[in-house]
Each structure stands twice: as structure tokens, then as C-alpha cells.
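So you can see what is in the structure, the chains are spelled out below.
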Amino acid sequence: MSVRVRFAPSPTGPLHIGGLRTALFNYLFARKQKGTFILRIEDTDQSRYVAGAEDYIIESLKWCNIPYDEGPLKGGPYAPYRQSDRKVIYRQYADQLVDSGNAYLAFDTPEEIENYRKKAESEGKTFQYDISVRHKLKNSLTLGEAETKQLINSGIPYVIRFKIPENEQLHVNDLIRGSITFQTSLLDDKVLFKADGLPTYHLANIVDDYLMKISHVIRGEEWLPSLPLHVLLYHALGREKQMPQFAHLPLILKPSGQGKLSKRDGDKMGFPVFPLQWTDPETGEVSSGYRESGYLPEAVVNFLALLGWNPGSDQEIFSLDELVEAFSLDRVGKAGSRFDPEKARWYNQQYIRQQSNEVLADTFISLLNQRGIQADPGKVEKIVGLIRERIVFMSDLWDQSYFFFTPPEEYDPATVKKVWKEDSAMIAEDIKKLLNHTDPFNPEEIEKALKDYSDKNQTGMGKIMNPLRLLLVGGSFGPHLTDIITLLGKEETLRRITIGIHALKSVNL
Ligand code: GLU
């Protein structure tokens, strides 16, 4: 049997990185096994449908370079791949289950169910539509054939519920968790088909996995409670032979390790939990995304792969091809894996360091253009070479080097206090003259000139370099001073020294 796996998100909002990891693991597994990776949109719950979410999912996969072989927009032999376009398919399976006595029609109104729930609650219990109560409620099991028919004919809305078998022990194998035993007596009679004419997630999911010949279901741990129902459905439909193998991936935990990483955590804790920025269509609330925060998709894919899977070696940096080669489900753990935002940053830094100065300069030039700055590519490449080790995000390119493109507008007060002394202006004047005559104007010659001055005047290099840096960049940061001076060029360096001395005249020493 060939390997066919699917990522089956519901378009109820932006894709959480946990969902993205599920997609990634499915993709890696499919590639490794020379199988097929399918994207299926599970949108039968109209009440939870969010406009734009499907496009967001597709765009996220594209950004991460996780292409699907079959799916919406792309098509494939089992099209359509959006459940709302497959509506006509599901009813016959629900009917088959009713005919074989594995499901029944339930006429209880939502209000009635709510009342049962409230009553149970007031007695300190929880209401569950199951074997203990189904014979007391308003359904085709209690009403009999004639009355059921009559209710149907008079247009009374109903749902179709699965009739959970009594007192069975169900043993299911999970590729990550091993054998799991479920007691059917604890399960409720889930709705399979709703009054609105659409199947629920459970029925549509099973039917489509079956029709699309899915061989392995790889999904998040949150779906483990649904597993017994899904297995029972395969049995009841007489399709146990075609039942896929199941693998439930461990949860991604908050950085504290306490509890599941939720959609709300990210912006609260200062890191994105979504691949792309998302604007809620109803509230207008914006959630940050990895892409917009300056992460490279390769870095995101790499750190996600190591959340829950371990390669069995110390290797941390993996290209997508290397991940495909190394991936196996038996190296996926059961325990939740803690999300570490520091590590995510580290990955990004590593991937940025892998890029050549030329590639980084290209990106930087377009960022500069966005700011209305036209810069010489040769100069930008040199600047990139000076700052590349300090870059974690592409946006840091500007933060670490803006002073090459725009003179200081202010001088950092803490640095001024620390380095601008009584003789600083005089020394700076001397250096100005010195630099004016330095030729060629390169780091070695400049260094030599400053050193000679220091020796001749018995002035420490710190007393020369620190105030000079302050005048040129506005603070105590940046790469090596002689590199800054060289790249600024003679004219600009002298100009900044003159302006700076003037600006700092009024400083109280
Ligand atoms: N539609 C489900 C979701 O939103 C799919 C779960 C599954 O993969 O079976 O995640």
C-alpha cells in the first residue's frame, strides 16, 4: 500500500505553529517514504468558519516551502479537497450507519439538551448523550419506526448520532504511543450528521480518509480523545481493513513547560505563534507572524522539526532535504516539547550567517530603498561584512548600521557622560586635522595615525577612540572604529566631527 498522508486543518483562524509542525511532519514522512502529501480543508463547521483562513494556510505552507501534492487549487485524483465542496458525499455513509443499526436519529432540540446539561450540573454531574440516557431521550431508538417517520415527514430537525457499542474494550495501536486501550462505556454518542445537512468533523474526516486512501493519520495529540470513535466508525462501516495507521504528535508547550502553547501566548510573551502576520477579520486585532518578524522560513522549519522529533545525534542545523532524509516517526516522542523562543532566535541567526554578504546586501538594499535610501551596493556589501555576526533578524541590518546612512541626530546621554571629557573637544580637533592628511584613507593608515597621536601625546587610545565614536555614530556601539571611519569616508568623517564638537559644546563637564 502506498503512503498517502494528509494535513487536514479547519479554517477557523490563522494556523498555529503546532498546526504547521503537523503539516511539516506529514510532509517529511511522505517525502521520506516516497509517498503523497495531501492538503484537505475541513470546513464543515460553518459556525467556526473564518474568512481568509484557508488562504492563510496555503500561503503559510508556501512560505515554508512545504508543497502539497494534492489539494485545493492544485487538484488531484480525489478532488475536491475542500469538504464544503464534497457535501453530497457524506449523507450516504450516515444512512448506512443508521440502516446497520450503528447510528440513530435524535430529535432533541438544542434547548432540551441544554436543560439536561443544566439539570445534571445542578446535581454535580455532567450530562453526556450516551448509553445511560439514550433510551430516555427523543430519538429513533425510543420513538419507534412510525413516529420517527412522521417526525421526519413533518420536517422536524434531527441529527444523526453514533451508537457507541456497550462495554467494549478497544485496543488501538498508535505509532508514537504504542497500544492504547479505550473503554467504550465512557464514550458519548457523538453527532455525525447535523440538522443543517452537513456532517460533523468526525464523519467527514473518516469518510474522506477512507475515500482518499490515506495510509497514515499524523495529527496533534488533541485528537487522541477522538481516536476510539474514529476506529469504531471504521468498524461500523465495515472498513477496518482500510483503516489508516495513527500517530498522535506530542503537544508543544509554553516556554515555562507548563501547559500547551496557546494562540494567546505569543504576543503576550514577545514572540510569534503564527507563521505569518494575521489580522482578525472581525476585531481587526493583529497577531505577529514569523515572516514579518524577520525570520527566515528555513529557520522556522528547522526549529519546528526539532519540537517533538529528535534526530538521534547532536546535529541541530538541518536543511529541508536533510530533514526528509533523517525523519522517522519512531524518533517522535510522547512527551510534550517546550517551545524555546531563544532557540528560535538562535536558529534564525545561524541561517542568516549561512548567507553570503552579497545575498544579505541584496536584501538590505531593498530594505534601504523602502526607507528612501539609495546606497552603493559595494558599500552595502562591506557594511554587511562588518555587522553580519550581530544580526539575528533581517531588520537588525538597519539597527546595527543606520549610522552609515544617516548622521547622528542626538548623542546618547549615558555615553556622553561617560566619555566626553574636558579635553575631548581638543583631541577631536587634533584628530580631525590628522585624518585630513591621512592618505590612503584605509583602516591600517587610520589606525597608525591614531596610534602615533596617542604615543606622541601620552594620551590613552580610549580617550581618543571613545569620544570619536560618539561623534560619528552618536553612542558607544557599532563595529570597529577604523572600519566605520573608512566606510564613512574622509569628508563625512570630518563633517561629523565638526558638527559633533559643536553640538557637545554646551555639555556640562
Ligand atoms: N480538522 C482537524 C483539525 O482542525 C483535523 C484533525 C485530523 O487531522 O484528523 O485539526
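Just so you know, the residues in each chain are numbered from 1, in the order the chain's sequence is written. For a predicted model such as this one, the threshold for reporting local features is a pLDDT of at least 70, and the threshold for listing and counting side-chain atom pairs is 80 or more; totals across whole chains, interfaces and linings nevertheless cover every residue. Calculation of side-chain values draws on the structure's entire complement of heavy atoms; hydrogens and water are dropped beforehand.

> How should the overall build of the chain be read in this particular structure?
Helix and strand counts for the chain stand at 21 helices and 13 strands. The atom set for the radius of gyration is the C-alpha atoms, and the globule formula is 2.2 Å times the number of residues raised to the power 0.38. The C-alpha atoms of the chain give 32 Å as radius of gyration, which overshoots the globular expectation for 509 residues (23 Å, by more than 25%). For the chain, buried positions account for 50% of its 509 residues. Whether two residues are in contact is decided by their heavy atoms: any pair within 4.5 Å suffices. Looking at the chain alone, contacts between residues at least 24 apart form 72% of all its contacts between residues at least 6 apart. Secondary structure is summarised from DSSP: a helix means a run of H or I of at least four residues, a strand means a run of E of at least two, and numbering begins at the N terminus for each. The classification of residues rests on relative accessible area computed with a 1.4 Å probe and restricted to protein chains. Under 20% of the type maximum is buried, over 50% is exposed, and intermediate values are partly exposed.

> How should the pairing of strand 6 (residues 178-183) be read in this particular structure?
Along any regular strand, the residues point their side chains to alternate faces of the sheet. In this scheme, strands are said to pair when DSSP sees at least two bridges between them. In this structure, strand 5 (residues 169-174) lies alongside strand 6, joined through six bridges in antiparallel fashion. Each bridged residue has a counterpart across the sheet, and for Asn173 the counterpart in strand 6 is Ser179. Hairpin connection of strand 5 to strand 6: three residues between the antiparallel strands.

> Before we go on, may I ask you to explain the pattern of salt bridges in this structure?
Pairs can form between side chains of opposite charge whenever their charged atoms are close. Salt bridges are counted wherever a side-chain nitrogen of Lys or Arg sits within 4 Å of a carboxyl oxygen of Asp or Glu. The tally for this structure, following the rule as stated, stands at 31 salt bridges. Measuring nitrogen to oxygen at the nearest pair gives 3.9 Å for the salt bridge that ties Lys268 to Asp265. You can see Lys268 and its partner Asp265 sitting in helix 9 (residues 265-269), three residues apart, about one turn around the helix. For Lys268, a relative accessible area of 65% translates into the label exposed. Close ionic contact of Glu292 with Arg291 constitutes a salt bridge, the shortest N to O distance being 3.1 Å. Residue Arg291 is classed as partly exposed on the basis of its relative accessible area of 32%. Sharing partners across several salt bridges, the network here consists of Arg6, Arg40, Glu42, Arg86, Asp208 and Asp209.

> It is not clear to me how the packing of helix 17 (residues 424-436) against helix 21 (residues 490-503) should be interpreted in this structure. Could you clarify?
When two helices pack together, their arrangement is captured by the angle between the axes and the distance separating the axes. Helix axes use the C-alpha atoms of the stretch in contact, all axes being lines fitted to C-alpha atoms, and the angles between their N-to-C directions lie in the range 0 to 180 degrees. Between helix 17 and helix 21, the least distance of the axes is 10 Å, while the angle of their chain directions is 165°. Classified by the angle their axes make, helix 17 and helix 21 are roughly antiparallel. In terms of crossing hand, the pair formed by helix 17 and helix 21 is left-handed. Every residue of helix 21 that contacts helix 17 at Ala425, Ala428, Glu429, Lys432, Leu435 and Asn436 is listed here: Lys490, Thr493, Leu494, Ile497, Thr498 and Ile501. Under the convention adopted here, Pro, Cys and the residues Ala, Val, Leu, Ile, Met, Phe, Trp and Tyr are nonpolar, Asp, Glu, Lys and Arg are charged, and Gly plus all remaining residues are polar. Partitioning the contact of helix 17 with helix 21 into residue classes produces six nonpolar, three polar and three charged. Roughly parallel covers angles under 35 degrees, roughly antiparallel covers those over 145, roughly perpendicular covers 65 to 115, and oblique covers all other angles. Two helices that cross are described as forming a left-handed crossing if the nearer one is turned anticlockwise from the farther one by less than a right angle, and a right-handed crossing if clockwise.

> Can you walk me through the packing of helix 3 (residues 87-99) against helix 7 (residues 201-211) in this structure?
Interaxial distance between helix 3 and helix 7 falls to 10 Å at its minimum, and their mutual angle equals 105°. Put simply, helix 3 runs roughly perpendicular to helix 7. In contact with Ile89, Tyr90, Tyr93, Ala94 and Leu97 of helix 3, helix 7 contributes Leu203, Ala204, Val207, Asp208, Tyr210 and Leu211. Classifying every residue of the contact of helix 3 with helix 7 gives 10 nonpolar, no polar and one charged.

> What is the right way to read unusual backbone geometry from this model?
For residues that are not glycine, phi is negative in most cases, and the peptide bond is trans in most cases. Residues Ala79 and Pro80 are joined by a peptide bond in cis, for which omega reads -5°. By the element assignment, Pro80 lies in the loop between helix 2 (53-63) and helix 3. Look at the link from Asp439 to Pro440: it is a cis peptide, with omega at -5°. In this structure, Lys213 is a non-glycine residue whose phi angle is positive, near 55°. With respect to the helices and strands, the residue Lys213 is situated in the loop between helix 7 and strand 8 (216-220). Accessibility expressed as a relative area gives 48% for Lys213, which makes it partly exposed.

> It is not clear to me how the environment of Gln46 should be interpreted in this structure. Could you clarify?
Within the element layout of this structure, Gln46 appears in the loop between strand 2 (36-39) and helix 2. Residue Gln46 is classed as partly exposed on the basis of its relative accessible area of 47%. For the pair Gln46 and Thr181, spaced 135 residues apart in sequence, the C-alpha separation works out to 33 Å. Excluding anything up to four places from it in sequence, Gln46 contacts Asp196 and Leu198.

> What's the story with the environment of Lys34 in this structure? I'm lost.
In this fold, Lys34 is placed in the loop between helix 1 (17-32) and strand 2. Under the relative-accessibility criterion, Lys34 is labelled exposed at 75%. Spatially, the C-alpha atom of Lys34 lies 9.3 Å from that of Arg4, the residues being 30 residues apart in sequence.

> I keep staring at the environment of Lys190 and nothing clicks. Help me out?
For Lys190, the position within the fold is in the loop between strand 6 and strand 7 (191-193). Its relative accessible area of 30% is what places Lys190 among the partly exposed residues. Discounting residues that sit within four places of it in the chain, Lys190 has contacts with Ile160, Arg161, Phe162, His202 and Leu229.

> What's the story with helix 14 (residues 377-387) in this structure? I'm lost.
Each full turn of the α-helix corresponds to 3.6 residues, which orients residues three or four apart in the same direction. Those residues of helix 14 that fall on the buried side of the exposure criterion are Val380, Ile383, Val384 and Ile387. For helix 14, the buried positions fall inside an angular range of 100° around the axis, keeping them on one side. For helix 14, the elements touching its buried residues are helix 13 (357-370), helix 15 (396-401) and helix 20 (481-488). The arc under discussion is defined with respect to the helix axis, by the directions toward the C-beta atoms.

> Would you explain the site of the ligand in this entry?
The near set for a molecule or strand comprises every residue that places at least one heavy atom within 4 Å of it. Around the ligand lies a shell formed by Arg6, Ala8, Pro9, Ser10, Glu42, Tyr201, Asn205, Arg219 and Trp223. Pairs of N or O atoms within 3.5 Å make up the polar contacts considered here, provided that, within protein, one atom can donate a hydrogen while the other can accept it, and that residues adjacent in sequence are counted only when both atoms are side-chain atoms. A distance of 2.7 Å is found between a nitrogen atom of the ligand and a side-chain nitrogen or oxygen belonging to Glu42. Trp223 places a side-chain nitrogen or oxygen 3.4 Å from an oxygen atom of the ligand. Computed with the Shrake-Rupley method and a 1.4 Å probe, the accessible areas treat only the protein chains shown as cover for residues. About the coverage of the ligand: the protein hides 86% of its 300 Å² of free accessible area. Here the residues of the shell around the ligand are counted per class, giving four nonpolar, two polar and three charged.

> Could you clarify how one ought to interpret the nonpolar core in this entry?
General note: in soluble globular proteins, nonpolar side chains tend to be found buried as a group. Nonpolar cores are built from buried Ala, Val, Leu, Ile, Met, Phe, Trp, Tyr and Cys residues. Side-chain atoms within 4.5 Å join them into one set. Counting residues in each nonpolar core, the largest one holds 107 residues, and the members touching the most others are Leu24, Leu28, Phe37, Tyr290, Phe339 and Phe405. The element that contributes the greatest number of residues to this core is helix 1, accounting for nine residues. Aside from chain neighbours lying at most four places away, what touches Phe37 is Val5, Phe7, Ala23, Asn26, Tyr27, Ala30, Ile66, Pro67, Tyr68, Asp69 and Glu70. Grouped together as the second largest cluster of nonpolar side chains are 41 residues, Leu143, Met212, Leu232 and Leu237 included.

The quantities given are spatial measurements derived from coordinates; they are silent on function.
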